[in-house]
Amino acid sequence: MVTAKVWVLKKHFEGFPKTSDFDLKKIELPNLKDGELLLESVFLSVDPYMRPYSRRDMKEGDIMIGTQVARIVESKNPAFTVGAFVVARSGWRTHFISDGKDIQLLPSSWPESLPKSLALGTVGMPGLTAYFGLLEVCKMKPGETVLVNAAAGAVGSVVGQLAKIGGCKVVGCAGSDDKVAYLKKIGFDEAFNYKTVTSLDEALRKASPDGYDCFFDNVGGEFASIAINQMKKHGRIAVCGAISQYNDSVPQKGPYVQVPMIFKELQMEGFLVTRWNNRREEGLKALLKWVVEGKVKCHEQVTEGFENMPMAFIGMLKGENIGKAIVKV
Ligand SMILES: NC(=O)C1=CN([C@@H]2O[C@H](COP(=O)(O)OP(=O)(O)OC[C@H]3O[C@@H](n4cnc5c(N)ncnc54)[C@H](OP(=O)(O)O)[C@@H]3O)[C@@H](O)[C@H]2O)C=CC1
Ligand SMILES: CCCCC/C=C\CC(=O)/C=C/C=C/C=C/[C@@H](O)CCCC(=O)O
């Protein structure tokens, strides 16, 4: 029998999650049945969606939702061999059993030298979010100007680099000077610390006096309300996330955006990356190619130890990560 460690949601979050909202438990896993696999998590992802989704999808006592890169340690399924690595959506667990239907093998072209944890970030869901959000929602064109917030994060850092590959001028903002330095290192044309500028409006105007064709919004809230006024005519806004609101106990009352929407004839579209699940292979193939070619740089914020998952999650929500926040078991 294998003992799995799991993190359960002890208490629904009120405001920012606290370590006391989680409980670490042990589960004895049964022996495998024919067709089943036993897997051990190697890397686990902590993502912003877990905050709003926990309230929507979970009840207290449930195992925290999430994804991982896992290694097959025992197999009674001829389609999967021991030692292979997969991406799974089994939540915050050290070990779990699968019937093979809810896991995806890492691409066969995955270079041995490339960290497999990237399958949770740049060459995974966040990377796909950037890829499809830019191509299918922003519909960026060469020569345009792209704005992205939370730009040093898992999604934002890929948005900026893909926009550069697409021949655009890229402006990014992030919440620390170290993050701003990172943005310039990976090729952003302009970057600033939104926490220290005296005026966000002025900082955005200085970065791009002519305004923005595309706005890839990861943050929402006041930032979005200010940025929308600097969109060019017929600009496009990809509403990817609203992390400025996820931890609010009382919903923010945002200023209205209808006026610029109308007079600038803007397109503003919310999206979920799962919309393109049927094109996942296309996106992963393109992202992996750009990473291998060095055209897309990757950075990971690695927290060591399964016991530190709550801290890694809370740290990511508080902006402590540059690049993709992951936990190494
Ligand atoms: N629609 C979809 O399908 C998907 C949407 N998303 C969304 O994309 C966004 C980015 O996700 P991801 O790249 O994984 O996360 P990140 O790696 O960017 O980490 C979250 C970052 O958000 C920033 N942040 C946190 N709180 C605030 C705040 N109050 N105001 C402004 N910025 C804040 C912090 O960076 P900083 O230092 O810059 O403040 C923090 O590092 C999230 O909103 C997420 O929900 C992600 C994946 C799929
Ligand atoms: C204040 C409300 C905010 C609503 C928008 C919330 C989050 C947007 C976002 O981050 C969406 C992320 C979607 C991620 C999808 C991931 C899947 O690959 C796996 C999700 C886990 C699972 O379904 O088991």
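Parameters and conventions
- Residues numbered from 1 in each chain as written.
- Chains lettered and ligands numbered in written order.
- Predicted model: local features only at pLDDT ≥ 70, side-chain atom pairs only at ≥ 80, totals over all residues.
- UniProt positions renumbered as here; feature names shortened; annotations may be inferred.
- Helix = DSSP H or I, 4+ residues; strand = E, 2+ residues; numbered from the N terminus.
- Near = placed C-beta within 6 Å.
- Nonpolar A, V, L, I, M, F, W, Y, C, P; charged D, E, K, R; others polar.
- Domains from an automatic or database assignment.
- Buried ≥ 20, exposed ≤ 12 C-beta atoms within 10 Å, placed from the backbone.
- Pairing = 2+ DSSP bridges.
- Axes fitted to C-alpha atoms, helices over the stretch in contact; angles between N-to-C directions.
- Contact = placed C-beta atoms within 7 Å.

In the annotation of an unreviewed UniProt entry, the entry for the protein reads Prostaglandin reductase 1, and the organism field reads Cathartes aura. In the Subunit (unreviewed entry) part of its UniProt record, the protein is described as follows: "Monomer or homodimer."

Draft legend 1. Highlighting the environment of Ser 109. Secondary-structure assignment places Ser 109 in the loop between β7 (103–105) and α2 (125–138). Here the alpha-carbon distance between Ser 109 and Leu 288, two residues 179 residues apart in the chain, equals 8.7 Å.

Draft legend 2. Quick peek at the site of ligand 1. The immediate surroundings of ligand 1 are formed by 29 residues, with Gly 153, Val 155, Gly 175, Gly 241 and Gly 319 found nearest. Broken down by secondary-structure element, the contributors of at least two residues to the shell around ligand 1 are α2 and α9 (309–317). Per-class residue counts for the shell around ligand 1 are 17 nonpolar, 10 polar and 2 charged. A domain split of the shell around ligand 1 shows at least three residues from each of domain 1 (2–121 + 298–328) and domain 2 (125–274).

Draft legend 3. Representation of unusual backbone geometry. Not every positive phi belongs to a glycine, and Lys 139 is a case in point at roughly 50°. Tracing the sequence through the fold places Lys 139 in the loop between α2 and β8 (145–148). For Ala 150, which is not glycine, the phi torsion reads 45° and is therefore positive. Note on placement: Ala 150 falls in the loop between β8 and α3 (156–165). Here Ala 150 falls in the buried class, since 27 other C-beta atoms lie within 10 Å of it.

Draft legend 4. Molecular detail of the sheet that holds strand β11 (residues 212–217). Strands sit in the order β10-β9-β8-β11-β12-β13 across an open sheet of 6 strands; the sheet is parallel. Strand pairing shows two members of the sheet lacking a second neighbour, β10 (190–193) and β13 (267–270), which therefore form its edges. For this sheet the average axis-to-axis angle between neighbouring strands, irrespective of direction, equals 15°. Sitting on the sheet, α2 touches β8, β11, β12 (231–239) and β13, and the angle it makes with β12 is about 140°.

Draft legend 5. Here's a closer look at the domain arrangement of the protein. Annotation of the protein at the domain level lists domain 1 (2–121 + 298–328) and domain 2 (125–274). A C-alpha centroid distance of 29 Å is found between domain 1 and domain 2. Contact with domain 1, which involves 15 residues of that partner, is made by 16 residues of domain 2. Class assignment of the residues belonging to the side of domain 1 that touches domain 2 gives a composition of 5 nonpolar, 7 polar and 3 charged.

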